[in-house]
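# What the coordinates show
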Amino acid sequence: MCGIVGIYAPGKGEWDRAGLAAMLGRVRHRGPDGEGMHLEPGLFFGHARLAVLDLSQAGRQPMPSPDGRYLITYNGEIYNFRELRAELQALGHGFTTRTDTEVLLAAWVQWGEAALSRLDGIFAFAVADRYERTLWLARDPLGIKPLFYQDKGGEIFFASELLALFGPLNPVPPPDPSDLDSYFTFNYLPAPRTGLAGVRQLPPGTLLKATPARTELKRFWRPAGTGSASGLSPCEAGKTAAQEERVAEFRARLDRAVAAQTVSDAPLGLFLSGGLDSYAVARSATRAGLRPTAFTLAFDEAGFDESPAAADYARHLGIEHRVVRFQWNEETIRDTLASMRELLADASLFPMHQLCAFARKEATVILAGDGGDELLAGYDTYLAGELTPLIRRLPAPLRDAVRSLARFLPSDSQRYGARILVERILDAAAEGPDRDHATFRRICGNALKNRIFSPGLQSALSGSDPVAEYAALIGEASKTRSSLGARQQADIQFHLPSVLAKVDRTSMAHGLEVRVPILADDLVGFCLDLPDEAKRRGRKGKLILRQALADDIPAAALTRRKAGFLPPVDRWFAQEGPMAGVFRDYLAQGRENIAELDWNQVQRLWDEHKKGSIRAGFPLLGILQFINWSLACRSLRT
């Protein structure tokens, strides 16, 4: 993994080297092993390298083609680079390094845009044709690797991280009101939104092509089964085969994916929790003949700590196990916030940041289990989505009575209690079909947003409906998909990228590469086309994964309650502890410098949360990160 930056400006002559160095400096943490720059009239490419394959200087970037016509700067890993290399050698290409970068560039020279359909990997890259003055930007199908850009009338700035786009050469634009509405709705921003006017994320599975005459976007991947564009091939056998055959096929595909993603010339480890996904990845790694060290984060709160279960897994597999205890103080909070320079407010950023720092002491590459909940319907929201149509059939007075009675239900101080769950399901049901599922991801409803938004921000919002954008993806799903399959497809496009962004930003803050084998091309198409009964049964999701592991896992794991990586956010903001000190400081800075929120209402919201009259931990977390991001943008403006 690496950090990339660049500018495509066909009419540009001389460059301000100090400004270019500032851009590159803002992604240096992503690539601590070296950096390079290429400058010529109209083109700048920069690269900060994290050395994983061919650790010699031969792997430096930006890298030119042998004839000098093409140039690449690239972040990611191409797992099938050896097979592609052999194919390209047979076509007459020569290679002087052992890097996947050189293979990717040769593939582009040989096949052009068609090379994208041949890649098995995670990537965000830029290629320039220096003779034809053409630029291509490409991002992997699921958005595992980030790529931001700004098109300023044919002059294109791009970077691995949002704020690397800006500095002396390019001022930070103002916030985009519609983007802010979407952010406060979900505590994250789906592509192409970024929070800044005219600045975009390149959507997953998308190619940008720029020439002096025009700039265009092309989708080169869509979820399998949509019947549009080329993508991951549907596995029809997955719909018709007996479940035993599906389980065997799933197990074989997972083993292949993990084996392919263990290629590395740098030390490799894995993240291990008490969940099935990380165990499945660890198990496949050992079946590939490896014994990677496992890294786990422990919590003091028993309801959140999965380190004992992870230790059972490690003993069962015979691998080394390292545990670090989560530290919660103002210093660790501020350290995490300092590494987050975009609108993403996920509570697990804080523990993940610490786990990545711990793992980086011994490993450069990590295997992780992200993606299983989306591919195999593991989230409880899928069960809740089966209930909402039934609830809508109830008479309105009865629904109102249930809501009134819910006030007397217990509310778990650590996780969603019965009262919160009932209220959320009732709220979702009221939204109607498709919108109900999107509403489960909602952090701030319209009433709360209207309360905390400043009059200026409210007046700038006209017709904005972030929930509708999410719900529309369900409607776009192939008509051959079940209701469950359509909701999964929407989550893969709208929600999963936020999970992957969290993993990327926290890991790359420490120069750590994280790979996610469950999201391998070979598995995604297969899992999306599995019938519902292969994924869920009653309250249990990930059925096929449970069956694939049943004969090689500690027995307690298959009945253990799903925990996830969710810290006690409500308690953080309710108590006079480390978060209170940090939030109070940020609120003061927000009042002084940021116009988009009504700070008196924000203070009242916090006061009500501390009194226990409402639960607003997650909205308050979103506000904290908004202040943090806004101050970072402001510092670049000044």
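Positions within a chain are numbered from 1, following the residues in the order the chain's sequence is written. In view of the model being predicted, local features appear only for residues whose pLDDT reaches at least 70, and side-chain atom pairs are presented and counted only at 80 or more, with totals across whole chains, interfaces and linings using the full set of residues. Water and hydrogen atoms play no part in the side-chain values, which are based on all heavy atoms of the structure.

Turning our attention to helix α1 (residues 17–25). Burial in α1 covers these residues: Gly-19, Leu-20, Met-23 and Leu-24. Buried residues of α1, viewed axially, fall in a sector of 140 degrees; they line one side. Facing away from the buried side of α1 by over 90 degrees, the exposed positions are Arg-17 and Ala-18. On the buried face of α1, the contacting elements are β1 (2–8), β2 (35–40), β3 (43–49) and β9 (155–159). Put simply, Asp-16 is the residue that caps the front of α1, since its side-chain oxygen is 3.0 Å from the backbone nitrogen of Ala-18. Relative accessibility thresholds used throughout: buried, under 20% of the residue-type maximum; exposed, over 50%; partly exposed, between the two (1.4 Å probe, protein chains only). The numbering of helices and of strands both runs from the N terminus, where a helix is a DSSP run of H or I of at least 4 residues and a strand a run of E of at least 2. Arc definition: directions from the helix axis to the C-beta atoms. Note on contacts: a residue pair qualifies if any of its non-hydrogen atoms lie within 4.5 Å across the two residues. Throughout this description, a polar contact denotes any pair of N or O atoms lying within 3.5 Å of each other; where both atoms belong to protein, one of them has to be capable of donating a hydrogen while the other can accept it, and for residues adjacent in sequence the pair is counted only when both atoms sit in side chains.

On the surface, Leu-394, Leu-398 and Val-402 cluster together into a nonpolar patch covering about 210 Å² of accessible area. By the element assignment, Val-402 lies in helix α13 (residues 396–406). Here, patches come from residues exposed beyond 30% relative accessible area and free of salt bridges, joined within 9 Å for like charges and within 5 Å for nonpolar side chains (Val, Leu, Ile, Met, Phe, Trp, Tyr). Calculation of accessible area relied on Shrake-Rupley with a 1.4 Å probe; when residues are assessed, cover is drawn exclusively from the protein chains displayed. Should a side-chain nitrogen of Lys or Arg be within 4 Å of a carboxyl oxygen of Asp or Glu, the pair is scored as a salt bridge.

Position of Thr-73 relative to the elements: it lies in strand β5 (residues 70–78). Apart from the residues lying within four places of it in its own chain, the contact partners of Thr-73 are Ile-4, Val-5, Phe-45, Gly-46, His-47, Gln-61, Ala-124, Phe-125, Ala-126 and Phe-158. Here Gly-46 takes part through its backbone oxygen, which lies 3.0 Å from a polar atom of the side chain of Thr-73.

Our next topic: the sheet that holds β2. The 6 strands lie next to each other as β2-β3-β1-β9-β8-β10, forming an open sheet whose pairing is antiparallel. Either end of the sheet is taken by a strand with one partner, and the two such strands are β2 and β10 (199–201). Pairwise comparison of adjacent strand axes, ignoring direction, gives a mean angle of 15 degrees for this sheet. Two strands are counted as paired when DSSP detects at least two bridges linking them. Judged from the 6 bridges that link them, β2 and β3 form a sheet pairing that is antiparallel. For every element, the axis is a line fit to its C-alpha atoms; helices are fit only across the contacting stretch, and the angle between N-to-C directions ranges from 0 to 180 degrees.

The next thing to look at is the pairing of strand β6 (residues 121–129). Counting buried residues along β6, 9 of its 9 residues qualify, which places the element largely inside the surrounding structure. Alternating residues of β6 divide into Gly-121, Phe-123, Phe-125, Val-127 and Asp-129 and Ile-122, Ala-124, Ala-126 and Ala-128, and every residue in both groups is buried. As judged from the 9 bridges shared by β5 and β6, these two strands associate in the antiparallel manner. Counterpart to Asn-75 in the pairing with β6 is Ala-124. Where β6 and strand β7 (residues 134–139) come together, 6 bridges link them in antiparallel fashion. Note that in β7 the partner of Ala-126 across the bridge is Leu-137.

Looking now at helix α20 (residues 496–508). In a regular helix each residue adds 1.5 Å, so 13 residues correspond to 18 Å; α20 covers 18 Å between its end C-alpha atoms and thus fits that length. Across the 13 residues that make up α20, a large majority, 13, are buried. Take the number of residues in a helix, subtract one, and multiply by 1.5 Å to get its expected span.

Aromatic rings from Phe, Tyr and Trp, taking only the six-membered ring of Trp, are treated as a pair when their centres fall within 6.5 Å; an angle between ring planes under 30 degrees marks them as stacked, one over 60 as edge-to-face, and anything in between as tilted. Applying the stated criterion to the full structure yields 24 aromatic pairs. Ring geometry for Phe-299 versus Phe-326: centroids 5.2 Å apart, planes at 50 degrees, classification tilted. Note that Phe-299 is positioned in the loop between β14 (293–298) and α8 (307–317) and Phe-326 in the loop between β15 (321–325) and α9 (330–339), a separation of 27 residues in sequence. Residue Phe-299 shares its accessibility class with Phe-326, and that shared class is buried. Considering the side-chain rings of Phe-573 and Phe-583, the 5.3 Å spacing of their centres and the 90 degrees angle between planes classify their relative orientation as edge-to-face. In this pair, Phe-573 sits in helix α23 (residues 569–574) while Phe-583 sits in helix α24 (residues 578–593), placing the two residues 10 residues apart along the sequence. Through a chain of ring-to-ring contacts, the aromatic side chains of Tyr-183, Phe-184, Phe-453, Phe-626 and Trp-629 assemble into a single cluster. Sitting over the ring of Trp-606, Lys-610 keeps its end group 3.8 Å from the ring centre. A ring is considered to have a charge above it if a Lys NZ or an Arg CZ atom is located within 6 Å of its centre and within 35 degrees of its normal.

Right, let's get into the pattern of salt bridges. For the structure shown, the criterion picks out 43 salt bridges. Arg-130 serves as the salt-bridge partner of Glu-40, at 2.6 Å between the closest nitrogen and oxygen. With a gap of 90 residues between them, Glu-40 in strand β2 and Arg-130 in the loop between β6 and β7 connect regions that are remote in the sequence. Judged by its relative accessible area of 32%, Arg-130 is partly exposed. Residue Arg-571 pairs with Glu-301 through a salt bridge whose shortest N-O separation is 3.2 Å. Taken together, the residues Arg-571 in helix α23 and Glu-301 in the loop between β14 and α8 connect sequence positions 270 residues apart. Each of Arg-30, Lys-145, Glu-161, Glu-342, Asp-504 and Arg-505 takes part in one network of salt bridges that share partners.

Right, let's get into unusual backbone geometry. The omega angle of the peptide bond from Gln-61 to Pro-62 is -5 degrees, so this bond is cis rather than trans. Among the structural elements, Pro-62 can be located in the loop between β3 and β4 (63–64). A cis amide bond, omega 10 degrees, links Ala-191 with the succeeding residue Pro-192. Examined against the element boundaries, Pro-192 turns out to sit in the loop between α4 (177–186) and β10. Despite not being glycine, Ala-377 has its phi angle at roughly 55 degrees, a positive value. Position of Ala-377 among the secondary structure elements: in the loop between α11 (372–375) and α12 (380–392).

Detail in the predicted coordinates should be disregarded across regions flagged by low pLDDT. Across the chain, each position has a pLDDT score giving the predictor's confidence in that residue, from 0 to 100. On average, residues of the protein carry a pLDDT of 91, and 94% of them reach 70 or more. Predicted confidence is poor over residues 226–240, with pLDDT under 50, and the contacts of this stretch with residues over four places away or in other chains come to 34 contacts.

What makes a nonpolar core is a set of buried Ala, Val, Leu, Ile, Met, Phe, Trp, Tyr and Cys residues whose side-chain atoms join them at distances within 4.5 Å. Counting residues in hydrophobic clusters, the biggest one holds 164 residues, and the most contacted among them are Phe-125, Phe-250, Phe-271, Phe-573 and Ile-623. Top contributing element to this core by residue count: helix α26 (residues 617–637), with 11 residues. Setting aside residues no more than four positions away along its own chain, Phe-271 makes contact with Ser-278, Phe-295, Met-352, Leu-355, Cys-356, Ala-359, Ile-366, Leu-367, Ala-368, Leu-512 and Val-514. Within the second largest apolar cluster, 17 residues are counted, among which are Tyr-8, Ala-126, Leu-137 and Leu-147.

The alternating pattern of β2 places Gly-36, His-38 and Glu-40 on a buried face and Glu-35, Met-37 and Leu-39 on a face that is not buried. The antiparallel hairpin formed by β2 and β3 contains 2 residues in its connecting segment, where Gly-42 sits at a positive phi of about 85 degrees.

Let us look at the sheet that holds strand β17 (residues 513–515). Across the sheet, 5 strands lie side by side as β15-β14-β13-β16-β17; this open sheet has parallel pairing. The open sheet terminates on both sides in strands that have one partner only, identified here as β15 and β17. In this sheet, neighbouring strand axes are inclined to one another by 30 degrees on average, regardless of whether the strands run parallel or antiparallel.

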